[in-house]
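Fold and geometry: a report
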Amino acid sequence: MPNLSPQSSVLSPRLRIGVLLSGRGSNFAAIDDAIRRGVLDAEIVCVISNRPDAPGIELARARKHHAHAIDNRDFASRAAHEAEVLRILDSARPDYIVLAGYMRVLSAEFIARYPNRILNIHPSLLPAFPGVDAQAQAVAYGVKISGCTVHFVTEKVDDGPIIVQRPVEVRDDDTGETLAARILVEEHGGYGEALTKLAGGS
Ligand code: GRF
């Protein structure tokens, strides 16, 4: 008898993922690698950068993704830029939108278009150390454990329901940079883990 559960591959096509980034793009690459290795049953349907010179968008082009540079400086307002980003996203029909180092705060209107379908990754164990330089904040505070958090995006920055967290030990001789490098390794695994959960896997 065929498997007709909600997780059945017959009824549930691969997870469609749209990626927004602004920089290096290592989280995007890690998700793409997980898909290529067959670890994550998903497909990246578009990659959008608000920075035309972002290494991440070059990487997306090199990997033959639908890559779009939509420079926010070319638009008169945040709303106009978001409207163009949404136009591209809507036509790509993502199940989930993944923020992978996207350095723009999304408006409430944008988030409302994809409720509980926008994910972010933050390099701390939220709710500790929201905002910029989370790794340096953790070192300065003297916490012994930090890590990363994948969460749904809500109107409050670096907030929202948590999907996955991974801890990273903070060493006595850590700087923001050395801690960031170890957290980044966990980010790369953590994003794949969160998307696997959403795809109905374990
Ligand atoms: C990561 O540290 C992520 O946690 C933060 O921005 C950084 C993006 O890195 N939101 P990359 O562009 O994915 O390499």
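Our subject is the structure listed above.
Computed from a predicted structure; not experimentally measured.

Moving on to the pairing of strand β6 (residues 145-152). In terms of burial, β6 is largely enclosed, as 7 of its 8 residues are buried. Sheet analysis places strand β5 (residues 118-122) next to β6, joined by 4 bridges and oriented antiparallel. Note that in β6 the partner of I121 across the bridge is V150.

Our focus in this paragraph is unusual backbone geometry. Residues L126 and P127 are joined by a peptide bond in cis, for which omega reads 15 degrees. Looking at the element boundaries, P127 is found in the loop between β5 and α5 (134-141). The phi angle at K64 is positive, at roughly 65 degrees, despite the residue not being glycine. In this structure, K64 sits in the loop between α2 (55-62) and β3 (67-69). Exposure remark for K64: the relative accessible area of 74% places this residue in the exposed category. Of note, the phi angle at N116 is positive, near 55 degrees, even though the residue is not glycine. On the secondary structure map, N116 appears in the loop between α4 (108-113) and β5.

Moving on, we get to the layout of surface pockets. Taken as a whole, the largest pocket spans an internal volume of roughly 950 Å³. In terms of lining residues, the largest pocket is bounded by 36 residues, among which G101, M103, I121, H122 and P123 are the most central. In terms of residue count, the dominant contributor to the lining of the largest pocket is helix α6 (residues 176-198) (5 residues).

With that settled, the discussion passes to the sheet that holds β5. The strand order across the open sheet formed by 7 strands is β3-β2-β1-β4-β5-β6-β7, and the pairing between neighbours is mixed. Unpaired on one side and paired on the other, β3 and β7 (162-169) mark the two borders of the sheet. Within this sheet the neighbouring strands show an average axis-to-axis angle of 20 degrees, counted without direction. In this structure, strand β2 (residues 42-49) lies alongside β3, joined through 3 bridges in parallel fashion. Within β3, the residue paired with S49 across the bridge is A69. Strands in contact with helix α1 (residues 26-36) are β1 (15-21), β2, β4 (96-99) and β5; relative to β2, the strand with the most contacts, it is inclined by about 160 degrees. This element, α2, spans β1, β2 and β3 of the sheet and lies at about 150 degrees to β3.

About the thresholds
Residues numbered from 1 in each chain as written. Predicted model: local features only at pLDDT ≥ 70, side-chain atom pairs only at ≥ 80, totals over all residues. Heavy atoms only, no water. Buried < 20%, exposed > 50% of the residue type's maximum accessible area, 1.4 Å probe, protein only. Helix = DSSP H or I, 4+ residues; strand = E, 2+ residues; numbered from the N terminus. Pairing = 2+ DSSP bridges. 1 Å grid on protein atoms, 1.4 Å probe; cavity = no way out; pocket = protein on both sides within 12 Å on 5 of 7 lines; lining within 4 Å. Points joined across faces, edges and corners; volume = space filled by probe spheres on them. Axes fitted to C-alpha atoms, helices over the stretch in contact; angles between N-to-C directions. Contact = heavy atoms within 4.5 Å.

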